[in-house]
Amino acid sequence: MGVDSGLPDFRGPEGFWRAYPPYRALGLSFEELADLVHFADDPALAWGFYGHRLSLYRATAPHRGFAVLRRWADRVPTRVFTSNVDGQFQRAGFDAESVAECHGSIHHLQCLVGCGQPVWPADGVEVEVDPATMRATGRLPSCASCGGPARPNILMFADRSWDGSFAGPRLAAHAAWTRAHRRQLVVVEIGAGTAVPTVRRQAELASAATGALVRINVREPDVRHGRGVGLALPAVEALEALAP
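All figures in this text were calculated on a predicted structure; none of them were measured in a lab. (Residues numbered from 1 in each chain as written. Predicted model: local features only at pLDDT ≥ 70, side-chain atom pairs only at ≥ 80, totals over all residues. Heavy atoms only, no water.)

### Description of the pairing of strand β3 (residues 104–111)
For β3, the tally of buried residues reaches eight of eight residues, placing the bulk of the element in the interior. As judged from the five bridges shared by β3 and strand β7 (residues 150–154), these two strands associate in the antiparallel manner. Within β7, the position partnered with leucine 109 by the bridge is proline 152. For β3 and strand β4 (residues 120–121), the ladder comprises two bridges, and the chain directions are antiparallel. Bridge pairing links leucine 109 to tryptophan 120 in β4. (Buried < 20%, exposed > 50% of the residue type's maximum accessible area, 1.4 Å probe, protein only. Helix = DSSP H or I, 4+ residues; strand = E, 2+ residues; numbered from the N terminus. Pairing = 2+ DSSP bridges.)

Structure, rendered in structure tokens:
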């Protein structure tokens, strides 16, 4: 979904390294960088990656496909379940309460040491990053309560410290809503791959009772057992073709 807005594709090391050449020289993949251990062992490396992404997402305008989804949402009750942490649905005008972010959000922070400070917005947080090394320079984000180091409120790989208290109520509300409407749902799944199949599985489960699944995916459009329709198209092209 984000690629059509001009955001980098992190699928596979080559796609990731095209977006971030300094990490190729270090031999670091996306999975290796998106590891909580760096915030303790090398915070300048960790915040170089996440600070750059925070600035990038703030500067990115949602593509035309979001407008199609908004028009649909104006006509029928709609909710969003996303593994994207970029906040693009909210930027496109979706009510934040209707957006369930299963991997959290880069636009919120949490205390790295878990002092008890509730998750807080990253509004006003700016991280300077050296583009040649992709390392953060200057002062790094700190906890609003204890003054210790802060981290993005994102569920990382092998992350046992993610604070899901902010995302939790929206995820629970989404689950309750889909259960209540399970015999009426049409599910539009966009760009959800099989490498981390969180959204793909959610879409299949939500559409199980109706079989009304539209899977938009350039690389992996297949739908199991004919339980829906697969479109091997980019997000914008598919949504604008579907839009009345």
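Okay, back to it.
### A word on the sheet that holds strand β10 (residues 229–231)
As summarised here, the arrangement of the three strands in space is β8-β9-β10, forming an open sheet in which the pairing is parallel. One side of each edge strand has no neighbouring strand; the edge strands of this open sheet are β8 (187–190) and β10. If you compare each strand with its neighbour and ignore which way they point, the axes differ by 15 degrees on average. Bridge count between strand β9 (residues 213–216) and β10: three bridges; the pairing is parallel. The residue bridging valine 214 from the neighbouring strand is valine 229, located in β10. (Axes fitted to C-alpha atoms, helices over the stretch in contact; angles between N-to-C directions.)

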